[in-house]
Amino acid sequence: MTRKETHIKEVSRLLTGFLSSGDAGDLLAYLVAESRLPGPRANLELAAAFAGTVQEFAVADPDDRHLLWNLCVELACVAPEDAPTGDPHEFLGFCGVRGVGAIGSVSPGCVEAALRHLGEASVDPRWRIREAVAMGLQVLLSRQRDTTVSELEGWVEGGSWLAMRAAVAGIAEPDLLAEPDLAEAALRFHRKILIRIYTAKERRSEAFRALRKSLGYTLSVVIAALPTPGFEYLRQLATLDDQDIRWIVRENLKKNRLEKQYPETVQHIRAQLV
């Protein structure tokens, strides 16, 4: 039995116990004990097993969905002061956020609430929680595309730097961008965000730096999905006299998905940046 299979089996057993007794103590203890925190990398296999199993249980028995939803929301709301970055209990929040996205993806009645919770978590000071938001958005985009794209439009147009960061990190997933509508939405999001950056005066915050870092790779994912309009847009960005935007262009040109596939085009755009 693989590690993934072991996690799925154990999470399934513990979730069954929770649904039977209403006591999540054993489940939470397992998640904390197996979190691999403190450490450089949380147990992503276990988090995926938790989210996937919660999703399966929610589909299999709608009567259990309410209990599973409440559990995930409770975990997602574990506060930073109670579970700071690197603390094993931070993993509970990570799993909770992923579970919220998973249940929302298979329950139309929960989609708006799931997006609301993910929106709140997108500005969390803990970077792992923000990564969980991106993962939650990906599963929502795969199953509840229209509602999720519509919500993310609002994050892009009027949200904070971190909300914008969540939107691009969530949608810039190669498997998702195989869908033309999602690829076009992703390019649109990047255009709108980079306009906001170009006109922004406040660029020194940690939140802005987190957005800029993400844009340093997400744009290349979008361009790989839509090379013709994508590279044309990158050429336009390369002409702007803006230090942050030029940094974003340079970083994306370094990515193998562009540099190896389109070497001549990449070289031409690099020459514009000199």
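In case you missed it, the structure is sitting above this.
Structure report, in brief. This is a predicted model, so every value here is computed, not measured.

**Thoughts on the overall build of the chain**
Right, so step 1: A count of helical and extended segments in the chain gives 15 helices and zero strands.
Right, so step 2: Relative to its length of 274 residues, the chain is compact, with a C-alpha radius of gyration of 20 Å against a globular reference of 19 Å.
Right, so step 3: Buried residues in the chain amount to 51% of all 274 residues.
Right, so step 4: Sequence separation of 24 or more characterises 72% of the internal contacts of the chain that already satisfy a separation of 6 or more.
Right, so step 5: For the chain, the exposed surface amounts to about 12900 Å²; the carbon and sulfur share of it is 51%.

**A short note on helix H1 (residues 3–21)**
Right, so step 1: With 19 residues, H1 should cover 27 Å at 1.5 Å per step; its first-to-last C-alpha distance of 27 Å lies within 8% of that length.
Right, so step 2: Every buried residue of H1 is accounted for by His-7, Val-11, Leu-14, Leu-15, Phe-18 and Leu-19. Each buried residue of H1 lies within a common arc of 140° when the element is viewed along its axis, so the set occupies one face. Facing away from the buried side of H1, by more than 90 degrees, are the exposed residues Lys-9, Arg-13, Ser-20 and Ser-21.
Right, so step 3: At the exit of H1 stands Gly-22, carrying a positive phi of roughly 80°.

**Let's talk about the pattern of salt bridges**
Right, so step 1: According to the stated counting rule, one finds 17 salt bridges in the structure shown.
Right, so step 2: Among the salt bridges present, the one from Glu-45 reaches Arg-36, with a minimum N-O distance of 3.3 Å.
Right, so step 3: Accessibility expressed as a relative area gives 26% for Glu-45, which makes it partly exposed.
Right, so step 4: By relative accessible area, Arg-36 is classed as partly exposed at 32%.
Right, so step 5: Asp-124 is the salt-bridge partner of Arg-126, the closest N and O atoms lying 2.8 Å from each other. Here Arg-126 and Asp-124 have matching classes, each one buried.
Right, so step 6: Through salt bridges with shared partners, a single ionic network connects Glu-153, Glu-157, Arg-188 and Lys-192.

**Quick look at the nonpolar core**
Right, so step 1: Counting residues in each nonpolar core, the largest one holds 91 residues, and the members touching the most others are Leu-15, Phe-50, Phe-91, Leu-194, Ile-197, Leu-234 and Val-249.
Right, so step 2: If you tally residues by element for this core, the top one is helix H10 (residues 180–198), at nine residues.
Right, so step 3: Contacts of Leu-194, omitting those with residues within four sequence positions, involve Leu-215, Leu-219, Tyr-233, Leu-237, Ile-245 and Ile-248.

**A short note on the packing of aromatic side chains**
Right, so step 1: A complete count under the given rule lists three aromatic pairs for this structure.
Right, so step 2: Taking 6.1 Å as the distance between ring centres and 10° as the angle between the ring planes, the aromatic pair formed by Phe-91 and Phe-94 counts as stacked. Taken together, the residues span about one helical turn, with Phe-91 and Phe-94 both in helix H5 (residues 90–106) at a distance of three residues. With respect to class, Phe-91 is no different from Phe-94; both count as buried.
Right, so step 3: Sitting over the ring of Trp-247, Arg-212 keeps its end group 4.0 Å from the ring centre.

**Re unusual backbone geometry**
Right, so step 1: Of note, the bond from Leu-37 into Pro-38 is cis; its omega dihedral lies within 30 degrees of zero at 0°.
Right, so step 2: Within the secondary structure layout, Pro-38 lies in the loop between helix H2 (25–33) and helix H3 (44–60).
Right, so step 3: Located in the positive-phi region is Arg-36, a residue other than glycine, with phi close to 70°.
Right, so step 4: Inspection of the secondary structure puts Arg-36 in the loop between H2 and H3.

**A look at the packing of helix H11 (residues 206–225) against helix H12 (residues 227–238)**
Right, so step 1: Running from N to C, H11 and H12 point in directions that differ by 140°, and their axes come no closer than 6 Å. Classified by the angle between their axes, H11 and H12 sit oblique to one another. On the side of H11, the interface is formed by Leu-219, Ile-223, Ala-224 and Ala-225, while H12 contributes Pro-227, Gly-230, Phe-231, Tyr-233, Leu-234 and Leu-237.
Right, so step 2: For the contact of H11 with H12, the residue count by class is nine nonpolar, one polar and no charged.

Rules used in this analysis
- Residues numbered from 1 in each chain as written.
- Predicted model: local features only at pLDDT ≥ 70, side-chain atom pairs only at ≥ 80, totals over all residues.
- Heavy atoms only, no water.
- Helix = DSSP H or I, 4+ residues; strand = E, 2+ residues; numbered from the N terminus.
- Rg over C-alpha atoms; globule rule 2.2 N^0.38 Å.
- Buried < 20%, exposed > 50% of the residue type's maximum accessible area, 1.4 Å probe, protein only.
- Contact = heavy atoms within 4.5 Å.
- Areas by Shrake-Rupley, 256 points an atom, 1.4 Å probe, with all protein chains shown as cover.
- Expected span 1.5 Å × (residues − 1).
- Arc of directions from axis to C-beta.
- Salt bridge = Lys/Arg side-chain N within 4 Å of Asp/Glu carboxyl O.
- Core = buried A, V, L, I, M, F, W, Y, C linked by side-chain atoms within 4.5 Å.
- Phe/Tyr/Trp six-rings, centres within 6.5 Å; stacked < 30°, edge-to-face > 60°.
- Lys NZ or Arg CZ within 6 Å of the ring centre and 35° of its normal.
- Axes fitted to C-alpha atoms, helices over the stretch in contact; angles between N-to-C directions.
- Parallel < 35°, antiparallel > 145°, perpendicular 65-115°, else oblique.
- Nonpolar A, V, L, I, M, F, W, Y, C, P; charged D, E, K, R; others polar.

That is the geometry; function is a separate question.
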